[in-house]
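Residues per chain are reported as follows:
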Amino acid sequence: MANFRQYNIQLLPLDTKKTKEVGVDGYKKLFEYLSVDTTTAYKNKKMADQAKALINDTFICPFVVHADDRFAYGKFVKYHKAETVTDFYSQTPLFTAARGDTAVSNTYYFRFVFDYTWHRFGIEENGSRLPNPTVMMEALEHFLDKPAKKYFPEYSLTLNLISDQVSLNEALTRGNEFGAIDVKITFPNSHRLTEELKELKNLSAHSIHAHVNPAPGARMTGMPKYIRKLVENAPEFGEVTITFFKTISNNAAQNFKRMVYSSSKNPLRFVLRQKKAEDEFGFVERAWRYMKALADKDNEIK
């Protein structure tokens, strides 16, 4: 079974009056440039030099990137630098890398697909070995930032985790009263915007960040309508953290349990099993079709 986590990658015009959206061709070119950078780094043995550092001498980088006519696909690799390998008991060196060699261990590969139409990026979690949602998003931005700035200077690169709408709805339903609510929305390449958000986007506003909270020790008896509209858009176009209080009845007494919902801890996933006779391209193509179908449904495409 392969679990895929999803991200929303966007190139947004700096000036919506002068610059049109990049469209399918623009997103295809973004990954074509990433493919060239990755291939060049591999041929020149510079891939490790350009990798994104994680923790404890662990790194991640694109390993191979293909920009197909319909979608992009490839693999990221995470590895641990191991210049010296020692015996566990005696600590005697068993192996030392020669100068100029790139010695690694604990290598894991993560297949990915990217849809040009809805600019959704799905990446395999590989048994929870993929970095956590926030760290992986930072890594993606690290590798896409260079081609985005070089070839799309009139656009701003934005990324956000696509979170699970169901878990958000459950939090909104369970919450009788609310504490602090923090929500950030990046205006999307999409027509699914309220009139208020369309106005802000048309004025070249890039994003909106709202924070609302009651007085210390108090609770809000509901969620403001304007904030709720932003929160409802967060799963696909932003991030949200909600402190809410669930009513707990205990005999005649009524108490409130404080709970926190965070979109960063609730990524939207889809799961696929590779068929026995299915080759690698057949699997990633099916993953792309599945992810695109989910996006079509979310965007109410009939």
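Refer to the preceding data block for the structure.
Quick caveat, the model's predicted, so the values are computed rather than measured.

Before going further, it helps to examine the overall build of the protein. The secondary structure content of the protein amounts to six helices and 14 strands. The 302 residues of the protein split such that 45% are buried. Taking contacts inside the protein between residues at least 6 apart in sequence as the whole, the part at least 24 apart equals 69%. Carbon and sulfur atoms form 49% of the exposed surface of the protein, whose accessible area is close to 16,900 Å².

Structurally, the position occupied by Leu172 is in helix H3 (residues 165–174). Taking the C-alpha atoms as reference points, Leu172 and Tyr261, separated by 89 residues in sequence, lie 9.3 Å from one another. Discounting chain neighbours no more than four positions away, the residues touching Leu172 are Phe178, Met223, Arg228, Val231 and Ile242.

Take Glu177: it is sitting in strand E10 (residues 177–186). Setting aside anything within four residues of it in sequence, one finds Glu177 in contact with Arg219, Met220, Thr221, Phe244, Phe245 and Phe256.

The contact between H3 and helix H5 (residues 225–237) brings their axes to 8 Å, and the two run at 150°. Between H3 and H5, the crossing angle belongs to the class labelled roughly antiparallel. H3 and H5 meet at a crossing whose hand is right-handed. Within the contact between the two elements, H3 uses Gln165, Leu168 and Leu172 and H5 uses Arg228, Val231, Glu232 and Pro235.

The next subject is the nonpolar core. Core analysis: the biggest nonpolar cluster contains 39 residues, and Ile9, Leu11, Phe31, Phe76, Phe121, Ile123 and Met136 have the highest contact counts within it. The set of elements that each furnish at least two residues to this core consists of strand E1 (2–13), helix H1 (23–43), strand E3 (58–67), strand E4 (71–81), strand E7 (104–115), strand E8 (120–124), helix H2 (133–151) and strand E9 (155–161). Membership of the second largest hydrophobic core comes to 24 residues, among which are Ile181, Phe187, Ala210 and Ile227.

Turning our eyes to something else, we now look at the packing of aromatic side chains. Taken as a whole and assessed by the stated rule, the structure comprises 22 aromatic pairs. Ring centres 4.2 Å apart and planes at 20° place the aromatic pair Phe31 and Phe114 in the stacked group. Note that Phe31 is positioned in helix H1 and Phe114 in strand E7, a separation of 83 residues in sequence. For the pair Phe31 and Phe114, one class covers both residues: buried. When the centroid spacing of 3.6 Å and the interplanar angle of 15° are considered together, the rings of Tyr33 and Tyr151 count as stacked.

For H5, spanning 13 residues, the distance from its first C-alpha to its last is 18 Å, which sits close to the expected 18 Å at 1.5 Å a residue. For H5, the complete set of buried residues consists of Ile227, Leu230, Val231, Asn233, Ala234, Pro235, Glu236 and Phe237.

Within the secondary structure, Asp115 is located in strand E7. Although Asp115 is buried, it makes no salt bridge; Lys292 carries the closest opposite charge, 5.2 Å away. Among the polar contacts made by the side chain of Asp115, one reaches the main-chain amide nitrogen of Trp118 at a distance of 2.8 Å. Within the structure, Asp115 has its side chain in polar contact with the side chain of Trp288 (distance 2.9 Å). Dropping the residues within four chain positions of it, Asp115 is found in contact with Arg120, Trp288, Met291 and Lys292.

In this model, His119 sits at a positive phi of 45°, which is unusual for a non-glycine residue. For His119, the position within the fold is in the loop between E7 and E8. By relative accessible area, which is 4% here, His119 ends up buried. The backbone of Asn126 sits at a positive phi, close to 55°, despite the residue not being glycine.

Here Thr19 shows up in the loop between E1 and H1. Take Thr19: its relative accessible area is 11%, and that puts it in the buried class. For the pair Thr19 and Tyr155, spaced 136 residues apart in the sequence, the C-alpha separation amounts to 8.4 Å. Excluding residues that lie within four positions of it along the chain, Thr19 makes contacts with Pro13, Glu154 and Tyr155.

What counts, and where the lines are drawn
- Residues numbered from 1 in each chain as written.
- Predicted model: local features only at pLDDT ≥ 70, side-chain atom pairs only at ≥ 80, totals over all residues.
- Heavy atoms only, no water.
- Helix = DSSP H or I, 4+ residues; strand = E, 2+ residues; numbered from the N terminus.
- Buried < 20%, exposed > 50% of the residue type's maximum accessible area, 1.4 Å probe, protein only.
- Contact = heavy atoms within 4.5 Å.
- Areas by Shrake-Rupley, 256 points an atom, 1.4 Å probe, with all protein chains shown as cover.
- Axes fitted to C-alpha atoms, helices over the stretch in contact; angles between N-to-C directions.
- Parallel < 35°, antiparallel > 145°, perpendicular 65-115°, else oblique.
- Left-handed = near helix turned anticlockwise from the far one by under 90°.
- Core = buried A, V, L, I, M, F, W, Y, C linked by side-chain atoms within 4.5 Å.
- Phe/Tyr/Trp six-rings, centres within 6.5 Å; stacked < 30°, edge-to-face > 60°.
- Expected span 1.5 Å × (residues − 1).
- Lys, Arg positive; Asp, Glu negative; His and termini not counted.
- Salt bridge = Lys/Arg side-chain N within 4 Å of Asp/Glu carboxyl O.
- Polar contact = N/O pair within 3.5 Å; in protein donor to acceptor, adjacent residues only side chain to side chain.

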